[in-house]
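Chain residues, written in single-letter form:
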Amino acid sequence: MSRADSTVATTGAPDAAGAPGVTGIADTTDVADATWVSPLPDVLAAESARTWDSAVHAPAVPDELRPPQSASVGERLSALHRRHLLRERRAQEFVADTMNARTGLPIADNARVVRFIGGLLSQERLLVVSVVLANALAATAGLLVPRLLGELVDSTVADVEAGRVDAALAGANSAALVVAGLVVVQSAFTFAAKMSSTVLGQSVLATAREYIVHAILRLPLSRVESASSGDLVTRVTRDVGTMSESVRWALPEAIIASITVVLTLVAMVSNSPLLSLPSIVLMSLALFQVRRYLGRAPKGYLTEGGTYSRINTTLTETVEGARTVEALGLTHHRLRRGDEDIEVSGQAERYTMTLRNLLFAVMDIAFSLPRVLVLLLGAIGYAQGWATLGQITTAILYTEALWGPFDMLVHTVDRVQVGIASTTRLLGIATVPPDREAGADRPTGPELVGTDLRYAYRAGHDVLHGIDLDLSTGERLAIVGPSGSGKSTLGRLLSGIHGPRTGSVTVGGVELTSLPLDQLRTEVALVTQEHHVFIGSVRDNVVLAREGSTDDEVREALRAVDALDWVERLPEGLDTKLGSGHQALTPGRAQQIALARLILADPHTIVLDEATSLIDPRTARHLEGSMNALLTGRTVVAIAHRLHTAHDADRIAVVIDGRVAELGSHDELVEQEGEYAALWRAWTS
Ligand SMILES: Nc1ncnc2c1ncn2[C@@H]1O[C@H](COP(=O)(O)OP(=O)(O)OP(=O)(O)O)[C@@H](O)[C@H]1O
Ligand SMILES: [Mg+2]
C-alpha cells in the first residue's frame, strides 16, 4: 500500500477491497446499533474504560445534598436547612463563575438587563401609555362597584329603618342599572387594555429577538469555537422561549396587576382606613417574603438554565461522538455523565422549587387571614359605631378583589424573574466584544502578505512563532508539515477568520480583519472539509455568498462545479429545499454546493485546508474537476497531507512547530536535502 493510499484509508473512507481496521468504523455506519461491534480488540476497549474509571473526580452532587433518611425530626429539619443553604451557595458560585467566564459564553449583569428592557419599552411609549391608561380606567370602573354596593346597603338600611320601602327598592333598581353600566364600561376598557398589552408584548418580543439574532451573528468565530454548542443551543431555544413567555404574557400582566393592586388599596383606604388595616399589614408581610424571594430566585433560575445547557452539551457530545464512545467502551461513562447532569439539574430545580414553596406558603396565609380579620374588625367596629354596614360590605368586597390581582402580581413577577434570568443569559451573548472593527480602507490589489504572524489559542501559548509569507498573484503555495505544527491555524489567519496576536495579514495593503465581512469573502476564502448545507432552497444556499445574484449567475456557478445537471434533475430544480428534513445530499454534492457558493463569491485567493480528505476517493476524484474550476485563475494556498499536491505547487512552505522551516519550489527543496527532501523520500519510497 502506498503512502497516499494509507492516508486516505485512515481518514475514514473504505477502500475498494473493504479492508479491515479503522476503515471498518465508516463501513458500519448503516448497521443497526444492536449489532454494532467495536472494531477495537476487547482488551483495548476495556483498558480505555479502565482509564476513565480510575480517574478520580468529585461527585457531581455532594452527600450533604442528601439528608439522612433515618434521624430524629429535629436532625432532619436542620439537615434540610443546611441542604437549602448549600444549594443556595452552589447557585451563587455558579453565577459568579459564569459572570467571569474567560472562555464560553458569559452572562450579562443586571444593569444591562434593566437598560435593555427600559430601551425596549421606551421604543413603544405610546403602547405602554395605552396599556397603563386602559387598565387604570378598567380597574377604576371595577372598583366603583363595591363602593356603590356599600352605599346601597347603607341607604337601604336607612330607608327600611325609616319605613321607606319603595324608596329602598327604587334605590336598588337604579344602583343595579349603574352597576350594569359600569360592568360594560369596565369590559370595554379591559378589552382595550388586553389588546394593547398583547400588541406591546409581541412588538417588544420581535425587537428583542432581532437584537439577539444580531448579537449571535456578530459573535467572533473564535468565541463560538471555544463555547460549547449545547450552551448556545440552550440559549437560543429554551432561553428565547422563556424570555418570550415573560415578555408576551408575564410583563404586561404584571403591569396590569400592579395597577389594579395600587388602585384597589387606594379605594380600600378611602372606604375605611380601619378596615383596610388587615390587608395592608398582611400584604406588607407577604411583600417582605417576596423581596426575600426576589433576592435569591434569580441566581437559582440562572443556575437552572446553566444545568440545562450542561445536559444539552453532554447529549450533543455523546451523539456526535457515538462511534468513538462505543469503540472505546465508554457507554456507561456517558450514561453516568448524563445521570449526573440530570441530578445536578434536579438539585437546581429543587432549590427554586423550595424558594417558591416558601413564598406561596406565606402568600396563602396572607391571602386567607384578611377576610376573617375584616369580618372581626367590622363586627367590633359596627358594634362600637366606627363602621357602617355599607363600609363593611365594601371592605369585604375590596379584600376579595385585592387578592386576585395581588396573587397574579406575585405569579407574574416570578415568571418575569425567570424571563430576566434567561434575558441575562441571552444578553450575555451580546457582551462578547467583537474581534474586529471594519475600517474605511479598501484593498488596492490582490497581493496577500503575512508579516510576523503569531497566534495563541490560550494566552501565553503561541502556536505560531513569527511567520512571514508573501503570495504572488496567481501562485500556488502548498503548506506541508507534521500534525499539530500550525498549518490550519496559519490557514485561518491567511483567510481572516482569526486576527493574528502580533503582525498582520494584509490584502492590497489593508488588514484582512479591518475589512467588512462581505468584502472579506470576496477577497479570500477558506475551504475546509466541513461544508454546511443550510435549510433553504438550492438557490438560497448558493446566493448566500453574494446576495442579489440572478438565477443565471447561480446556474453558471453550479455548472462550473459540475453540479447543474443533478440540480436540474431534482424535483423542483433550484427551488428544491435542502437541509435536514428535506432533500438529502451526499457529502460530495454538499461539497459541490459549497464550491458553487465560492464561485459566486469570486475571491481572488483561496485557502484549502484538506478540503477533500474526508470524502471517499471516487467522489474526491469527481470533485477534482469542480475544484479545478474554482481554483483556475486564483491564488491558491493548499494545506496538504498528500505530497503530490505539494509536488505540483509553485512553492512549498514546510511548517514545523509554528515556524516556516523551509520555503521554495519542489526541486529547490529536494536539492536542499532538508525536512522536505526527507518527507519526499519517505513518501515516494
Ligand atoms: N481551537 C483550538 N484551541 C486550542 N488549541 C488549538 C486549537 N486548534 C488548534 N490548537 C493547537 O494549535 C496547534 C496547531 O494546530 P493546527 O490545527 O493549526 O495544526 P495542523 O498543522 O493543522 O495539524 P493537522 O495536520 O493535524 O491538521 C496544535 O498544538 C493544536 O493543539
Ligand atoms: Mg489542520
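Residues numbered from 1 in each chain as written. Chains lettered and ligands numbered in written order. Predicted model: local features only at pLDDT ≥ 70, side-chain atom pairs only at ≥ 80, totals over all residues.

**Observations concerning the overall build of the chain**
As a reminder, the rule being used: Numbering of helices and strands runs from the N terminus; a helix is a DSSP stretch of H or I covering at least four residues, while a strand is a stretch of E covering at least two. Exposure in this text rests on C-beta crowding, where 20 or more other C-beta atoms within 10 Å of a residue's own make it buried, 12 or fewer make it exposed, and counts in between make it partly exposed. The C-beta atoms are placed from the backbone.
Across its full length, the chain holds 23 helices and 12 strands. Sorting the 685 residues of the chain into buried and exposed places 33% on the buried side.

**Focus: the pairing of strand β3 (residues 476-480)**
What counts here: Only strands joined by at least two bridges in the DSSP assignment are considered to pair.
When you tally the buried positions in β3, you get four out of five residues, the bulk of the element. Here β3 pairs with strand β10 (residues 635-639) via four bridges, running parallel. Bridging across to β10, Leu-477 finds its partner in Val-637. Relative to strand β11 (residues 651-656), β3 is paired through four bridges, and the arrangement is parallel. Counterpart to Ala-478 in the pairing with β11 is Ile-652.

**Overview of the confidence of the model for the chain**
Regions with low pLDDT carry predicted coordinates that are not meant to be interpreted in detail. Here is the rule we go by: Known as pLDDT, the predictor's confidence for each residue is given on a scale from 0 to 100. Here contacts are defined at the residue level, using C-beta atoms placed from the backbone and a cut-off of 7 Å between them.
The share of residues in the chain with pLDDT of 70 or more is 89%, and the mean pLDDT across the chain is 83. When mean pLDDT is taken per element in the chain, β11 scores highest with 93 and helix α1 (residues 3-10) scores lowest with 33. Here residues 1-34 scores under 50 on pLDDT; set against residues more than four positions off or in separate chains, the count is 33 contacts.

**Considering the nonpolar core**
We count it as follows: By definition, a nonpolar core groups buried Ala, Val, Leu, Ile, Met, Phe, Trp, Tyr and Cys residues that connect through C-beta atoms lying within 7 Å of each other.
Ala-254, Ala-286, Leu-402, Phe-406 and Leu-409 are the most contacted members of the largest nonpolar core, which totals 68 residues. Elements with a contribution of two residues or more to this core: α4 (73-99), α6 (125-161), α7 (165-217), α9 (229-271), α10 (273-320), α12 (331-384) and α13 (389-431). Take this core: its biggest share by element is 17 residues, from α13. When neighbours within four sequence positions are excluded, Leu-402 is seen to be in contact with Val-261, Thr-264, Met-268 and Ser-279. Of all hydrophobic cores here, the second largest spans 65 residues; its members include Leu-520, Ala-560, Ile-593 and Ala-594.

**A look at the sheet that holds strand β1 (residues 448-458)**
Definition in use: Convention adopted: a line fitted to C-alpha atoms gives each axis, helices being fitted over their contacting stretch, and angles between N-to-C directions are expressed from 0 to 180 degrees.
With antiparallel pairing, four strands are arranged side by side in an open sheet as β2-β1-β4-β5. Here the strands that pair on one side only, and so sit at the sheet edges, are β2 (461-471) and β5 (510-511). In this sheet, strand β4 (residues 502-507) lies alongside β1 in antiparallel orientation, the contact comprising five bridges. Bridge assignment links Val-449 to a residue of β4, and that residue is Thr-506. Its contacts with the sheet put helix α14 (residues 487-494) on β1, β2 and β4, and the angle it makes with β1 is roughly 125°.

**Quick word on unusual backbone geometry**
Generally, phi is negative for residues other than glycine and the peptide bonds are trans, each holding for most cases. A positive phi angle, near 45°, is found at Asp-452, a position not held by glycine. Along the polypeptide, Asp-452 turns up in strand β1.

**With respect to the site of ligand 1**
Selection criterion: Any residue whose backbone-placed C-beta atom lies within 6 Å of a molecule or strand is treated as near that molecule or strand.
If you check the shell around ligand 1, you find 11 residues, and the closest are Tyr-457, Ser-483, Lys-487, Ser-488 and Thr-489. Per element, the largest residue contribution to the shell around ligand 1 is three residues, and it comes from α14.

**Description of the pairing of strand β9 (residues 605-609)**
Burial of β9 is extensive: five of the five residues sit out of reach of the surface. The two faces of β9 match: Thr-605, Val-607 and Asp-609 on one face and Ile-606 and Leu-608 on the other face are all buried. For strand β6 (residues 524-528) and β9, the ladder comprises five bridges, and the chain directions are parallel. Counted as the bridge partner of Val-527 is Leu-608 from β9. Pairing analysis gives five bridges linking β9 to β10, with the strands arranged parallel. Residue pairing for β10: Leu-608 is matched across the bridge by Ala-638.

**Thoughts on the packing of α6 against α9**
For clarity, the threshold we go by: Crossing chirality is assigned from the near helix's rotation relative to the far helix, an anticlockwise turn below a right angle marking it left-handed and a clockwise turn marking it right-handed. Note that Gly is not counted as nonpolar here; it falls among the polar residues with everything else outside the nonpolar set of Ala, Val, Leu, Ile, Met, Phe, Trp, Tyr, Cys and Pro and the charged set of Asp, Glu, Lys and Arg.
Contact pair α6 / α9: the axes reach a minimum separation of 9 Å and the direction vectors enclose 35°. When you trace α6 past α9, the crossing you get is right-handed. Each of Val-131, Val-132, Asn-135, Ala-136, Ala-139, Thr-140, Leu-143, Arg-147 and Gly-150 in α6 lies in contact with α9, whose residues at this interface are Pro-252, Ile-255, Ile-256, Ile-259, Thr-260, Leu-263, Thr-264, Ala-267 and Asn-271. Of the residues assigned to the contact of α6 with α9, the class counts are 11 nonpolar, six polar and one charged.

**Digging into the environment of Val-204**
Mapped onto the secondary structure, Val-204 falls in helix α7. Residues Val-204 and Arg-248 lie 44 residues apart in sequence; the distance between their C-alpha atoms is 8.1 Å. Contacts of Val-204, omitting those with residues within four sequence positions, involve Leu-120, Leu-121, Glu-124 and Val-247.

**Structural notes on the packing of α7 against α9**
Rules: In these notes the angle categories are as follows: under 35 degrees is roughly parallel, over 145 is roughly antiparallel, 65 to 115 is roughly perpendicular, and the rest is oblique.
Where α7 contacts α9, the axes come no closer than 9 Å and their chain directions differ by 150°. If you check the angle between α7 and α9, you find them roughly antiparallel. Handedness of the crossing formed by α7 with α9: right-handed. Across the interface between the two elements, Ala-193, Ser-197, Leu-200, Gly-201, Gln-202, Val-204, Leu-205, Ala-208, Arg-209, Ile-212 and Ile-216 of α7 pack against Val-236, Val-240, Met-243, Ser-244, Val-247, Arg-248, Trp-249, Leu-251, Pro-252 and Ile-256 of α9.

**Here's the deal with the sheet that holds strand β12 (residues 659-664)**
If you walk across this open sheet you meet the six strands as β6-β9-β10-β3-β11-β12, and the pairing is mixed. The open sheet has two edge strands, β6 and β12, and neither has a second partner. Across this sheet, the average inter-strand angle for adjacent strands is 20°, counted without regard to direction. Strands β3, β6, β9, β10 and β11 of the sheet are contacted by α14, whose axis makes an angle of about 155° with β10.

**Some points on the environment of Leu-251**
Locating Leu-251 in the fold gives a position in helix α9. The class of Leu-251 is buried, set by 26 C-beta atoms lying within 10 Å. In this structure, the C-alpha to C-alpha distance between Leu-251 and Val-416, residues 165 residues apart in sequence, is 6.3 Å. Sequence-distant contacts of Leu-251, that is, excluding residues within four places in its chain, are made with Gly-201, Ser-246 and Val-416.

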